[in-house]
Amino acid sequence: VTDQAFVTLATDDVYCQGALVLGQSLRNHKTSRKLAVLITPEVSSGMRSVLSSVFDEVIEVSVLDSADSVHLALMQRPELGVTFTKLRCWTLTHYSKCVFMDADTLVLCNVDELFDREEFSAAPDSGWPDCFNSGVFVFRPSLKTYRLLLQFAAEHGSFDGGDQGLLNSFFSNWATADIGKHLPFLYNLSSSSVYTYVPAFNHFGRDAKVVHFLGATKPWNYKYNLQTKRVMQDDTTAESFHQLSFLALWWNIYSASILPLLEKLQKMEESESEECKHSFNGVEVTLKKVSPYVASSLPKPELPEQTNDVNPSARSPEELASRARPVCEVEPRDSNVRLSEPDRPSEQPVFQPAFQETSEMNEVAHSISELSIHFIPAKPSPEDERRKWEEGRMDYMGKDAFEHIKKKLDAFLH
Ligand code: UPG
């Protein structure tokens, strides 16, 4: 079907990562509809080319911002003014009908049946069920509707400062007029409702079709260990088992399908002279710039103090990503910091521990032509693990946790 499309929005490279996972999840479940993503000028050219390998259409629009700091402050989300840009989806008049999906949603199965619904269909919001959530909705592109929406926004604003408040006021009879326009909650299951109504989730959750990571913390804000395939949990948050399952699913798609595309992009960018020479202990070392997308997916390395001598800027992947200057490659493999030749099997340590100023190091380092540096986080010792247990920080993500998560997911997805 070429005149119907799933549409999403990403106003920067960070939200693009969500859009890519959403697009890939729609592809994985063999949608027969087109995939379109609205982007704004801020999205980088590299990211645009990655988007175009997942989406049929990458459409640049200019930003619409509610600039409504008062209402946005009530939600404590000053960044959501740009969600007014979502209204631009009504301008896609080369499609007769579309389903809009936020970039922080993920489909768990084929949801093409949504196109059987009419404008304006949406699911209830978990915070105020007489309002719909604007993360998933069925609409008909129309310049007339678009103009009416802009006019309405100018006259009435939005009660929450974002698109959701505006759309709820505009389509104000949604709650009562036509039950056919109420999408089941399963088409927009907020990942947090998994713990706000546990029995309901246990009863209905297996039929979930779309999961929505709404709220300030998005899947890409978590850390994920590529080797163990585990989402790394922040000590201060207490995500439920099911939330972690959905996060793990998001990260599985990201690491299996999106990361390779971003790495390809990184390689292309690197070949455009993104390497630099750095000298320490009289030895010249080649440092490669790590793409922010790749770096942000890597777990935070626990660096031994002495590595600061080598590159004082190398701390967390976020810091690495946020700095313009070249940084060391971070590789989460096993314990210890290591200096190795690129083509030498990485299991074979050259120095342990590394970066101590020994004559042996200089000798060997001089004898190899190219070096790459790997900062590798140390494994927690049994003492560390016991201490965490005693402090009440149990290892929910213990050895076999991912197996459990996968089993559970398989159980309710099939
Ligand atoms: N978005 C961007 N860039 C931003 C912020 C948002 O592209 O800087 C897009 C993106 O598609 C995102 C969507 O807008 O998924 C909504 O923003 P998000 O940060 O996901 O907000 P949430 O708090 O999860 O969303 C609730 C509603 C959502 C509505 C938003 C503002 O679920 O549908 O757009 O609040 O009203």
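J.: Quick question: what am I supposed to make of the overall build of the chain here?
T.: Of the regular secondary structure elements, the chain holds 13 helices and 15 strands. Long-range pairs, those at least 24 residues apart, make up 70% of the contacts in the chain with a sequence separation of at least 6. For the chain, the computed accessible surface area is about 20,100 Å², with 51% contributed by carbon and sulfur atoms.

J.: Which parts of the structure should I look at to understand the confidence of the model for the chain?
T.: Predicted coordinates in areas of low pLDDT are best not read in detail. Mean pLDDT over the chain works out to 75, with 64% of the residues at or above the 70 mark. Long-range and interchain partners of residues 295–379, a stretch whose pLDDT sits below 50, account for 154 contacts in this model, where long-range means more than four residues apart.

J.: Sorry, what's going on with the packing of aromatic side chains here?
T.: Both the distance between ring centres and the angle between the ring planes are used here to describe each pair of aromatic rings. Evaluated as defined, the whole model comprises 20 aromatic pairs. Pairing Phe120 with Phe137 gives two aromatic rings, centres 5.0 Å apart and planes at 25°, and the pair type is stacked. Of the two residues, Phe120 sits in the loop between strand 5 (105–107) and strand 6 (121–124) while Phe137 sits in strand 7 (residues 132–139), which places them 17 residues apart along the sequence. Of the residues examined, Phe120 reaches a relative accessible area of 4% and is grouped as buried. Centroid distance Phe201 to Phe246: 6.2 Å. Interplanar angle 90°. Geometry classified as edge-to-face. Taken as a pair, Phe201 in helix 7 (residues 198–204) and Phe246 in helix 8 (residues 241–271) lie far apart in primary sequence, 45 residues in all. Side by side, Phe201 and Phe246 carry an identical accessibility label, which is buried. Taken together, the ring pairs in this structure connect Trp90, Phe100, Phe120, Phe132, Phe137, Phe139, Phe152, Phe170, Phe171 and Trp174 into an aromatic cluster.

J.: I tried to follow the pairing of strand 7 on my own but got confused; where do I start?
T.: Every regular strand shows the same layout, with side chains that alternate between the two sheet faces. Of all eight residues that make up strand 7, eight are buried, and the element is covered over most of its length. The pairing of strand 6 with strand 7 spans three bridges and is antiparallel. When the sheet's bridge partners are listed, Ala122 is paired in strand 7 with Phe137.

J.: Help me out: how do you make sense of the site of the ligand in this one?
T.: Taken together, 23 residues are adjacent to the ligand, and Leu9, Thr11, Tyr15, Arg77 and Asp163 come closest. At a separation of 2.7 Å, an oxygen atom of the ligand approaches a polar backbone atom of Leu9. Within the side chain of Asp102, a nitrogen or oxygen atom sits 2.9 Å from an oxygen atom of the ligand. When the ligand sits alone it has 650 Å² of accessible area, and the protein chains cover 95% of it. In this structure, the ligand is accommodated by the second largest pocket. Among the elements of the structure, strand 1 (4–10), strand 7 and helix 5 (163–170) are those that each provide at least two residues to the shell around the ligand. A per-element tally of the shell around the ligand places strand 7 first, with three residues. Here the residues of the shell around the ligand are counted per class, giving seven nonpolar, nine polar and seven charged.

J.: In this structure, what is going on with the layout of surface pockets? I would like to understand it.
T.: Over the atoms, a rolling probe the size of a water molecule traces out where space has been left empty. Here the second largest pocket is characterised by a volume of approximately 830 Å³. Contributing to the lining of the second largest pocket are 39 residues, with Arg77, Leu80, Thr83, Asp102 and Lys218 lying nearest its centre. When residues of the lining of the second largest pocket are traced back to their parent elements, those giving at least two are strand 1, helix 1 (13–28), strand 7 and helix 5. Sort the elements by how many residues they give to the lining of the second largest pocket and strand 7 lands first, with three residues. A breakdown of the residues in the lining of the second largest pocket according to their chemical character gives 13 nonpolar, 15 polar and eleven charged.

J.: Just checking my understanding: could you explain the environment of Pro219 for this structure?
T.: Examined against the element boundaries, Pro219 turns out to sit in the loop between strand 9 (210–212) and strand 10 (223–225). Since its relative accessible area comes to 0%, Pro219 is described here as buried. The spacing of Pro219 and Leu247 is 28 residues in sequence and 6.0 Å in space, taken between C-alpha atoms. Contact partners of Pro219, with chain neighbours within four places excluded, come to Phe213, Leu247, Trp250 and Trp251.

Here is what the cut-offs are and how they apply
Residues numbered from 1 in each chain as written. Predicted model: local features only at pLDDT ≥ 70, side-chain atom pairs only at ≥ 80, totals over all residues. Heavy atoms only, no water. Helix = DSSP H or I, 4+ residues; strand = E, 2+ residues; numbered from the N terminus. Contact = heavy atoms within 4.5 Å. Areas by Shrake-Rupley, 256 points an atom, 1.4 Å probe, with all protein chains shown as cover. pLDDT = per-residue confidence, 0-100. Phe/Tyr/Trp six-rings, centres within 6.5 Å; stacked < 30°, edge-to-face > 60°. Buried < 20%, exposed > 50% of the residue type's maximum accessible area, 1.4 Å probe, protein only. Pairing = 2+ DSSP bridges. Near = heavy atom within 4 Å. Polar contact = N/O pair within 3.5 Å; in protein donor to acceptor, adjacent residues only side chain to side chain. 1 Å grid on protein atoms, 1.4 Å probe; cavity = no way out; pocket = protein on both sides within 12 Å on 5 of 7 lines; lining within 4 Å. Sits in = over half its atoms within 2 Å of the grid points. Nonpolar A, V, L, I, M, F, W, Y, C, P; charged D, E, K, R; others polar. Points joined across faces, edges and corners; volume = space filled by probe spheres on them.

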